[in-house]
Amino acid sequence: MVKICCIGAGYVGGPTMAVIALKCPSVEVAVVDIWDKRIAAWNSDQLPIYEPGLDDVVKQCRGKNLFFSTDVKKHVKEADIVFVSVNTPTKTTGLGAGKAADLTYWESAARMIADVSESSKVVVEKSTVPVKTAEAIEKILSHNSKGIKFQILSNPEFLAEGTAIQDLFNPDRVLIGGRETPEGQEAIQALKDVYAQWVSEDRIITTNLWSAELSKLAANAFLAQRISSVNAMSALCEATGANVSQVSHAIGKDTRIGPKFLNTSVGFGGSCFQKDILNLVYICECNGLPEVAEYWRQVVKINDYQKSRFVNRVVASMFNTVSTKKIAILGFAFKKDTGDTRETPAIDVCKGLLVDKAELSIYDPQVTQDQIQRDLTLRKFDWDHPIHLQPVNPTSCFNVDQVKVVRDAYEATKGAHGICILTEWDEFKSLDYNKIYENMQKPAFIFDGRYVIDADKLREIGFIVFSIGKPLDAWLKDMPAVV
Ligand SMILES: NC(=O)C1=CN([C@@H]2O[C@H](COP(=O)(O)OP(=O)(O)OC[C@H]3O[C@@H](n4cnc5c(N)ncnc54)[C@H](O)[C@@H]3O)[C@@H](O)[C@H]2O)C=CC1
Ligand SMILES: O=C(O)[C@H]1O[C@H](OP(=O)(O)OP(=O)(O)OC[C@H]2O[C@@H](n3ccc(=O)[nH]c3=O)[C@H](O)[C@@H]2O)[C@H](O)[C@@H](O)[C@@H]1O
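Residues numbered from 1 in each chain as written. Chains lettered and ligands numbered in written order. Predicted model: local features only at pLDDT ≥ 70, side-chain atom pairs only at ≥ 80, totals over all residues. Heavy atoms only, no water.

Per an unreviewed UniProt entry, the chain goes by UDP-glucose 6-dehydrogenase and derives from Prunus avium. Under Catalytic activity (unreviewed entry), UniProt gives the following word-for-word description of the chain: "UDP-alpha-D-glucose + 2 NAD(+) + H2O = UDP-alpha-D-glucuronate + 2 NADH + 3 H(+)". In its Sequence similarities (unreviewed entry) section, the UniProt entry covering the chain states "Belongs to the UDP-glucose/GDP-mannose dehydrogenase family." (UniProt positions renumbered as here; feature names shortened; annotations may be inferred.)

(A) Representation of the packing of aromatic side chains. Inspection of the entire model under this criterion finds 13 aromatic pairs. Aromatic side chains Trp 42 and Phe 68 sit 4.9 Å apart centroid to centroid with 5° between the ring planes, which places their arrangement in the stacked category. Linking Trp 42 in helix H2 (residues 36-42) with Phe 68 in strand E3 (residues 66-69), this pair joins segments that are 26 residues apart in sequence. Ring centres 5.6 Å apart and planes at 80° place the aromatic pair Phe 268 and Phe 273 in the edge-to-face group. Accessibility expressed as a relative area gives 6% for Phe 268, which makes it buried. Taken together through their ring pairs, the aromatic side chains of Phe 310, Phe 319, Phe 445, Phe 447 and Phe 466 make up a single cluster. Its guanidinium or amino end placed over the ring of Trp 210, Lys 132 lies 4.2 Å from that ring's centre, counting from NZ or CZ. A cation over a ring is seen here: Lys 435 above Tyr 410, with NZ or CZ 4.2 Å from the ring centre. (Phe/Tyr/Trp six-rings, centres within 6.5 Å; stacked < 30°, edge-to-face > 60°. Helix = DSSP H or I, 4+ residues; strand = E, 2+ residues; numbered from the N terminus. Buried < 20%, exposed > 50% of the residue type's maximum accessible area, 1.4 Å probe, protein only. Lys NZ or Arg CZ within 6 Å of the ring centre and 35° of its normal.)

(B) Broad picture of the sheet that holds strand E13 (residues 445-448). Pairing within the open sheet is parallel, and its six strands lie in the order E11-E10-E9-E12-E13-E14. The outermost strands of the open sheet, each flanked by one partner alone, are strand E11 (403-405) and strand E14 (464-467). Averaged over neighbouring strand pairs, the angle between their axes works out to 15° when direction is ignored. The sheet contact formed by strand E12 (residues 418-421) and E13 spans four bridges and is parallel. (Pairing = 2+ DSSP bridges. Axes fitted to C-alpha atoms, helices over the stretch in contact; angles between N-to-C directions.)

(C) Representation of the site of ligand 2 within the structure. For ligand 2, the set of nearby residues contains 20 residues, the closest of which are Phe 158, Leu 159, Ser 265, Cys 272 and Arg 450. At 2.8 Å from an oxygen atom of ligand 2 is found a side-chain nitrogen or oxygen belonging to Asn 220. The element contributing the most residues to the shell around ligand 2 is helix H9 (residues 209-240), with four residues. For the shell around ligand 2, the residue count by class is eleven nonpolar, four polar and five charged. Residue-level mapping places the shell around ligand 2 at the junction of two domains, with at least three residues from each of domain 1 (2-199) and domain 2 (221-467). (Near = heavy atom within 4 Å. Polar contact = N/O pair within 3.5 Å; in protein donor to acceptor, adjacent residues only side chain to side chain. Nonpolar A, V, L, I, M, F, W, Y, C, P; charged D, E, K, R; others polar. Domains from an automatic or database assignment.)

And the structure:
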């Protein structure tokens, strides 16, 4: 029986391994982590991450050929294939701070593999890493004194949160990069055999190591670039009276452009787009390519611009101040169908409003009060360190009394001057906006950062509506977009 061990039981390690276990009953899969509470949650009825369909997959295999454990060394030692799916956040200090990937967790995992292994293994980079990381990992692994041979593969993950199970069941492609030696090709074949249990051959792409590593960074950069492009257009639409949805629809009909990833928003979030682009920028700079670095940096700059543009709209519309005004924040996760808040645009929008002394009443169906409070006090880039490794930041940009986390949208909006919709949860589409309007201060404002509401209907009710990239209300027309 082939034994697989995955180091890192997070958003990628957990779902990916659960699906491998489900699709390959003859493979034994152990997912290991140093974070004991997370492993305990994987072994309970309350899984540590919210992902549609995940419970079902885990229930079918856990205890049969899928195991979650904190005994990292034992499972690594026994495995034939070791996936490494630890976090690779942006460095917060030292060389490359604010851009380069922090490979501390990866390096410590590699050293541990070298220390405990007693037999040859295939080591798979599942985490997103800078191009050429495999070279460094090879050096660490080959410095064991036991003569054990390791083959490194790059097998980046392309799942998106909220649709992870669907993406894993039916991936657009599986990418495997390896050394172009007979041993490297043998390792590629061993991993191919695993995926081939449910993914058709034509969707399994094999490349050299560096192409696979770079393709992952490139894919995220291209996806994020589309969002920044459409968000840049949204600003121009507001200035000219064009409607960004109509523009997206019109350009997306061109088969060379395609319709996906053209939804304008308050900004992209998530643990990876910004991190991976900044990492790409750093790699370009290190390779003496400042123009290329600047090109990609602009994608992040537009994203920051979109978030601050949104905050400025809110403040400018509400008579240039939100001081002591109650603002309801509907949605805090970085997208619907996940409880993940890493790099969610809600953090920057909330911080912007708090600096202007707003009083926030926040509701998200999947994010806990603890998580929201922690996110609003964290320093930038510390968000991607697992909670048990997060540094504590004693200074905060707001007073705790300014933020309340509540249990539903009606409570959040009661007595509020304005509403900001920051995540596109389906339930926000079917709220009773007549009731909400009655219970708000007047004039009642709504700022839709996600195209959740029917703006015309809400205007009929009496709301002053701002919907990103859409023709502006008469009220908003003369307000400056950026204060
Ligand atoms: N979140 C996502 O949707 C996607 C993430 N990725 C990439 O996958 C990697 C992992 O991402 P996530 O799963 O979101 O991270 P995560 O933070 O949810 O999980 C990483 C886990 O690794 C554990 N860990 C760290 N060092 C360890 C060690 N030495 N031994 C054992 N466990 C250790 C941490 O405790 C944590 O539970 C990152 O490189 C990310 O860029 C790639 C595609 C999608
Ligand atoms: O490397 C990763 O971590 C993953 O990053 C993204 O997945 P994810 O961040 O989970 O979710 P997306 O659906 O890509 O959304 C990212 C952000 O962009 C925003 N978005 C997305 C699409 C769009 O048209 N407009 C838009 O603003 C979303 O609301 C969200 O805030 C990629 O889609 C995955 O392929 C990749 O594996």
